[in-house]
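The chain contents come next:
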Amino acid sequence: MLAALNPAYSVSGFAVGLLVGLTGVGGGSLMTPLLVLLFGIHPSTAVGTDLLYAAVTKSVGTAVHSAHRSVDWAIVRRLASGSIPATAITIVLLSRSGGNDGHAHLISVVLGCALVLTAFSLFFRRQIMAVASRFSPGQPRHPVFWTVVVGAGLGVLVSLSSVGAGALGVTALILLYPTISTVRLVGSDIAHAVPLTLIAGLGHWYFGSVDLPLLGSLLVGSIPGIILGSLLATRVPELVLRPMLACTLLLVGSRLVT
């Protein structure tokens, strides 16, 4: 097992884990494009491996948020009721689309679009919240229905690209539940990402799109990185980190789309 570990992957895992701990943005937004563009990993393998990577790392985050009672399990159930069926359907459709080569371009394009959307959600989250509170100062109508719809959309997007469960999910929840604290929505989004990424990752693994030695190398670096990033999070201004991260995601996403 130790012989199969790749130090370059572990260093990358540490760097991504550090940024995730500092910013709270999901690792898929950073890890998948890093694997595809820097290391030349096949897009399908990068997505599948990153999904299981996210399932492990976000399990730790869920445990922390649950211990602090910052998870709304009703919201988690609503999201999962949409995302789990959508994830299963997407994985089955991918498996019948001609193998890895048949949907490599699709995954690259969807990944690029998801990164661009994530970047814009980071850039304009405050403006989105301000507009939402102006036009809908209270609870939006039919939040349960729209939460299920958002879950289904995230299920498709995450299954194809491993991106979206973080910044996009939290932004959608802020619009749907403006009266609930942000930390509780973040905790709920992280908790929902665990079964979502686990099911999608297992689906990719079943169809041969997961590199287990790569996964082990990433986790060896990312777990201490996440711990360190979480400890440093209170000392680094969010107003500095999030715009830098958003610019990076926008550039990477644009490259993948084109």
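Everything that follows concerns the structure shown earlier in this document.
If you're wondering where the values come from, they're calculated on a predicted model, not measured in any experiment.

### Details of the nonpolar core
Phase 1 of the analysis: Val16, Met31, Leu35, Tyr53 and Leu218 are the most contacted members of the largest nonpolar core, which totals 16 residues.
Phase 2 of the analysis: Looking at this core, the elements with two or more residues in it are helix H1 (7–23), helix H2 (28–37), helix H3 (43–67) and helix H10 (212–232).
Phase 3 of the analysis: If we ignore the near neighbours within four places in the chain, the residues touching Tyr53 are Gly13, Val16, Gly17, Met31, Leu215, Leu218, Leu219 and Ser222.

### Overview of the pattern of salt bridges
Phase 1 of the analysis: Across all of its chains, the model carries one salt bridge by this definition.
Phase 2 of the analysis: Its salt-bridge partner being Asp72, residue Arg184 comes within 3.9 Å of it at the nearest N-O pair. Of this pair, Arg184 sits in helix H9 (residues 182–206) while Asp72 sits in the loop between H3 and helix H4 (73–95), placing them 112 residues apart in sequence.

### Comments concerning the packing of aromatic side chains
Phase 1 of the analysis: Evaluated as defined, the whole model comprises two aromatic pairs.
Phase 2 of the analysis: When the ring of Tyr9 is compared with that of Phe39, the centres are 4.9 Å apart and the planes differ by 80°; the resulting orientation is edge-to-face. Taken as a pair, Tyr9 in helix H1 and Phe39 in the loop between H2 and H3 lie far apart in primary sequence, 30 residues in all.
Phase 3 of the analysis: A relative accessible area of 16% places Tyr9 in the buried class.
Phase 4 of the analysis: Residue classification places Phe39 among the partly exposed residues on the basis of a relative accessible area of 27%.

### A few points about a nonpolar patch on the surface
Phase 1 of the analysis: On the surface, a cluster of nonpolar side chains totalling about 660 Å² of accessible area is made up of Leu198, Leu202, Trp205, Tyr206, Phe207 and Leu212.
Phase 2 of the analysis: Of all the elements, H9 adds the most residues to the nonpolar patch, at four residues.
Phase 3 of the analysis: The topology assignment puts Leu212 in helix H10.
Phase 4 of the analysis: With relative accessibility at 48%, the residue Leu212 sits in the partly exposed group.

Calculation rules
Residues numbered from 1 in each chain as written. Predicted model: local features only at pLDDT ≥ 70, side-chain atom pairs only at ≥ 80, totals over all residues. Heavy atoms only, no water. Core = buried A, V, L, I, M, F, W, Y, C linked by side-chain atoms within 4.5 Å. Buried < 20%, exposed > 50% of the residue type's maximum accessible area, 1.4 Å probe, protein only. Helix = DSSP H or I, 4+ residues; strand = E, 2+ residues; numbered from the N terminus. Contact = heavy atoms within 4.5 Å. Salt bridge = Lys/Arg side-chain N within 4 Å of Asp/Glu carboxyl O. Phe/Tyr/Trp six-rings, centres within 6.5 Å; stacked < 30°, edge-to-face > 60°. Patch = residues over 30% accessible without salt bridge, like charges linked within 9 Å, V, L, I, M, F, W, Y side chains within 5 Å. Areas by Shrake-Rupley, 256 points an atom, 1.4 Å probe, with all protein chains shown as cover.

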